[in-house]
Amino acid sequence: MPIPEDVTGDEIDKDVRQELQSLPKTLAEDVAKNLVMVARLIDEDPEGAYGYSKVALRLASRVAAVREAGGFAAYATQRYSEALAEFRAARRMSGGVELWPVMADCERGLGRPEKALDMAGAPEVNKLDKAGQVEMRLVAAGARRDLGQLDAAIVTLQSPELAAGSVQPWTARLRYAYADALLAAGREGEAREWFAKALEADRDGSTDASDRLAEMDGVDFVDALDDDEDEVATEQGTESGETVVEQATEEDEDEAGDSVEGQVGPDEAGHVVVDRDED
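Residues numbered from 1 in each chain as written. Predicted model: local features only at pLDDT ≥ 70, side-chain atom pairs only at ≥ 80, totals over all residues. Heavy atoms only, no water.

A. The arrangement of the nonpolar core in detail. Grouped together as the largest cluster of nonpolar side chains are 45 residues, with contacts concentrated most on Leu 20, Leu 35 and Val 66. In terms of residue count, the dominant contributor to this core is helix 2 (residues 25–41) (eight residues). Among the nonpolar cores identified, the runner-up in size contains 20 residues, and Val 134, Leu 138, Ile 154 and Tyr 176 belong to it. (Core = buried A, V, L, I, M, F, W, Y, C linked by side-chain atoms within 4.5 Å. Buried < 20%, exposed > 50% of the residue type's maximum accessible area, 1.4 Å probe, protein only. Helix = DSSP H or I, 4+ residues; strand = E, 2+ residues; numbered from the N terminus.)

Here it is as structure tokens:
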């Protein structure tokens, strides 16, 4: 797949670059460029990111970072079985537990919420950092909802991290998930409160909390651009209509002037016609 000229491969994380040092220099550069493209496209064009990840995997499948990137690209395109296989491979190579929550979410994607809940209670969770533990809590709550256990999902999300006043990278998503669970349970008042709290913490627009609030309040957003286009079209239509009327009026006057003796009246189709007297 083509690599844009502005991509050098130096953009990758230093830890990933260190992993690639086990490869020949030219090969490492090619792999790095493909990994950069995966990171660049995964949000806006996940299928494109997936394509670049496959190239990187073909070039360096024995590098943990490459397997991890392949896993995330497959996950972004909902290829959960493939993603889970890549994450497992990356975990075997690195020995870390950071991928445990997303592996559990892949189990959800494969229709196995019970397996995700088993993973949520595994010893590996205790080895996760705070962000990883919050992510695991989100996955577990999602699994509860998959099973129709709304109350259990709400309880799962109730935690010190949810109640904390300080804003962390995970705060908006945690509050949003809690609000969404409350709304699904019919607790609209509480849901609105937590959607508002999620919006306060959402500094990078990672959720659609503002839209959810507007929906609950019955607010409809109107696209200003569409309004402008409609207004222009209306004005153009009016001007065109006025021109046609003026032309029609002039033509009628000309025909009336040419008629020496005649009558004007509608024909059977309702059109205006002129009957002239023959000499």
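B. The arrangement of the environment of Gln 78 in detail. Mapped onto the elements, Gln 78 comes out in the loop between helix 4 (64–76) and helix 5 (80–94). When the C-alpha positions of Gln 78 and Leu 110 are compared, they lie 9.4 Å apart, and in sequence the two are 32 residues distant.

C. Structural detail: the side chain of Arg 67. Tracing the backbone through its elements, the reader meets Arg 67 in helix 4. Its relative accessible area of 18% is what places Arg 67 among the buried residues.

D. Just a negative patch on the surface, in detail. On the surface, a cluster of negative charge is made up of Asp 13, Asp 15, Glu 19, Glu 68, Glu 98 and Asp 129. As for its position among the elements, Asp 15 is in helix 1 (residues 14–20). (Patch = residues over 30% accessible without salt bridge, like charges linked within 9 Å, V, L, I, M, F, W, Y side chains within 5 Å. Areas by Shrake-Rupley, 256 points an atom, 1.4 Å probe, with all protein chains shown as cover. Salt bridge = Lys/Arg side-chain N within 4 Å of Asp/Glu carboxyl O. Lys, Arg positive; Asp, Glu negative; His and termini not counted. Charge placed at Lys NZ, Arg CZ, Asp CG, Glu CD.)

E. Just the packing of aromatic side chains, in detail. In this structure the tally under the stated criterion is four aromatic pairs. Ring geometry for Tyr 75 against Tyr 80: centres 5.8 Å apart, planes inclined by 75°, an arrangement best described as edge-to-face. For Tyr 75, a relative accessible area of 25% puts it in the partly exposed group. Ring geometry for Tyr 178 against Trp 194: centres 5.1 Å apart, planes inclined by 90°, an arrangement best described as edge-to-face. Of the two residues, Tyr 178 sits in helix 11 (residues 171–184) while Trp 194 sits in helix 12 (residues 188–201), which places them 16 residues apart along the sequence. Taking the relative accessible area as the measure of exposure, Trp 194 reaches 14% and is therefore buried. A cation over a ring is seen here: Arg 79 above Tyr 50, with NZ or CZ 3.9 Å from the ring centre. In this arrangement the basic side chain of Lys 197 is found over the ring face of Trp 194, its NZ or CZ atom lying 4.1 Å from the centre. (Phe/Tyr/Trp six-rings, centres within 6.5 Å; stacked < 30°, edge-to-face > 60°. Lys NZ or Arg CZ within 6 Å of the ring centre and 35° of its normal.)

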